[in-house]
Amino acid sequence: MGRVEGKVALISGAARGQGRSHAIRLAQEGADIIAFDICEAIPEVPYDPATEEDLAETVRQVEALDRRIVAEKADVRDFAQVQAGVEKGVAELGRLDIVSANAGISGAPNRSEDIPDEQFVNMQEINLTGVWRTCKAAIPHIRAGGRGGSMILTSSDAGLFPYENISHYVAAKHGVVGLMRTLALELAPEHIRVNSIHPTTVDTDMVQNDAIYRLFRPDLDHPTKDDFAEAATRMNALPIPWVEAVDISNALLFLASDEARYITGVTLPVDAGAAIK
C-alpha cells in the first residue's frame, strides 16, 4: 500500500516544476490526480510559460505509474474555470481527499514604489486569490466525502520573512499563511487539515531565469546561473544553492498522508535552513 493509496489529489500549476513533481510523487504513492494549469503566457512574468505540451507530459508520467489523471487547462484567476476542472475530475475519479494549491508566479523585481499597479494586483490574483479559489472549489468535494482530508498551500520563505524588491510576491505569500491558518480553524471540526509549505529557491523555470539572477546579483550587468548559485548559497544555512522540486514533493506527501493526521495550521519550511539564517 502506498502512503496515499486510493486517494485523489487536486494539483494546480501541474504542467511542470513543483506541480508536476507533486503529481508524480503522489501518484507513486497510490493517488489518482486532478491537474490543471493555465498553459499560457502572463505578460509581466519574466520567463517562458508552461505549455499544453508540458501538461500532457505530466499526464504521460502519471499514467506511466498506472494511476488515473484528469488534466484541464484552467486559470486560477477565473473561478468558473477552476470549479469546472475540479467538478470534472471528481466526477471521473469519484472523490477528493488532497489539495495542493501550488499554482504561482514570480514577477520582475522592483522597488515597492516602482511596481506598476497591474503587476501588484495580478500577483495577488494568482499567488493569493488563486490559492483561495482553488480551495473554494475543492472544499465542498472533500467535505462531501466525510473522510476528512488534507490541503497544502504553497507559500515560500518569502511568506515568513521579507525580501527587498519583490514586495508584491512577499505580500501574496504572507497572505497565503493567513488564509491557511483561517481555513485550518474553519475546517478542523470536519478533520480537514490545512498547512502551508515554504520552499527556499527551487531548481525550476520559475527560479532559473534572468530576472531572478538579476534580483540576487544586482552588482552584475549580466549575471549567470553560477553567479546566482553563489548568492543563493549564502542565503541558506546548508551549503547548497537550491533544493529540487522532489524535496518539496516529499514534504507535501508527508502532510497529505495519514502520518500527519494531527498536523494542521503549520508553516513548514523546506528551505535548507534559510529561515534560521
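One can find the structure itself at the top, above this paragraph.
Residues numbered from 1 in each chain as written. Predicted model: local features only at pLDDT ≥ 70, side-chain atom pairs only at ≥ 80, totals over all residues. Heavy atoms only, no water.

Draft legend 1. Structural context of the sheet that holds strand β3 (residues 69-73). With parallel pairing, the seven strands of this open sheet are ordered in space as β3-β2-β1-β4-β5-β6-β7. Taken across any chain shown, the strands that pair with only one partner, and hence form the sheet edges, are β3 and β7 (267-270). When the angles between neighbouring strand axes are averaged without regard to direction, this sheet yields 15°. Relative to strand β5 (residues 149-154), strand β4 (residues 98-101) is paired through four bridges, and the arrangement is parallel. When the bridges of β5 are listed, A101 appears paired with L153. (Pairing = 2+ DSSP bridges. Helix = DSSP H or I, 4+ residues; strand = E, 2+ residues; numbered from the N terminus. Axes fitted to C-alpha atoms, helices over the stretch in contact; angles between N-to-C directions.)

Draft legend 2. Region of the structure containing the packing of helix α1 (residues 17-28) against helix α8 (residues 245-256). The interhelical angle for the contact between α1 and α8, taken along N-to-C directions, is 50°, at an axis separation of 9 Å. Our classification of the angle between α1 and α8 gives oblique. Every pair of crossing elements has a handedness; the one defined by α1 and α8 is right-handed. On the side of α1, the interface is formed by G17, Q18, S21, H22, R25 and L26, while α8 contributes A245, V246, I248, S249, N250, L252, L253 and A256. Of the residues assigned to the contact of α1 with α8, the class counts are seven nonpolar, six polar and one charged. (Parallel < 35°, antiparallel > 145°, perpendicular 65-115°, else oblique. Left-handed = near helix turned anticlockwise from the far one by under 90°. Contact = heavy atoms within 4.5 Å. Nonpolar A, V, L, I, M, F, W, Y, C, P; charged D, E, K, R; others polar.)

Draft legend 3. Region of the structure containing the side chain of N102. With respect to the helices and strands, N102 occurs in the loop between β4 and α4 (117-145). On the accessibility criterion, N102 (8% relative accessible area) is buried. Within the structure, the side chain of N102 is placed 3.2 Å from the backbone oxygen of G13, a separation counted as a polar contact. Setting aside its immediate chain neighbours within four residues, N102 contacts S12, G13, Q18, G19, H22 and T154. (Buried < 20%, exposed > 50% of the residue type's maximum accessible area, 1.4 Å probe, protein only. Polar contact = N/O pair within 3.5 Å; in protein donor to acceptor, adjacent residues only side chain to side chain.)

Draft legend 4. Summary view of unusual backbone geometry. Even without glycine at this site, C39 takes up a positive phi of about 55°. Among the structural elements, C39 can be located in the loop between β2 (32-37) and α2 (52-63). C39 gets classed as buried once you look at its relative accessible area, which sits at 9%. A positive phi angle, near 60°, is found at H191, a position not held by glycine. On the secondary structure map, H191 appears in the loop between α5 (167-187) and β6 (192-199).

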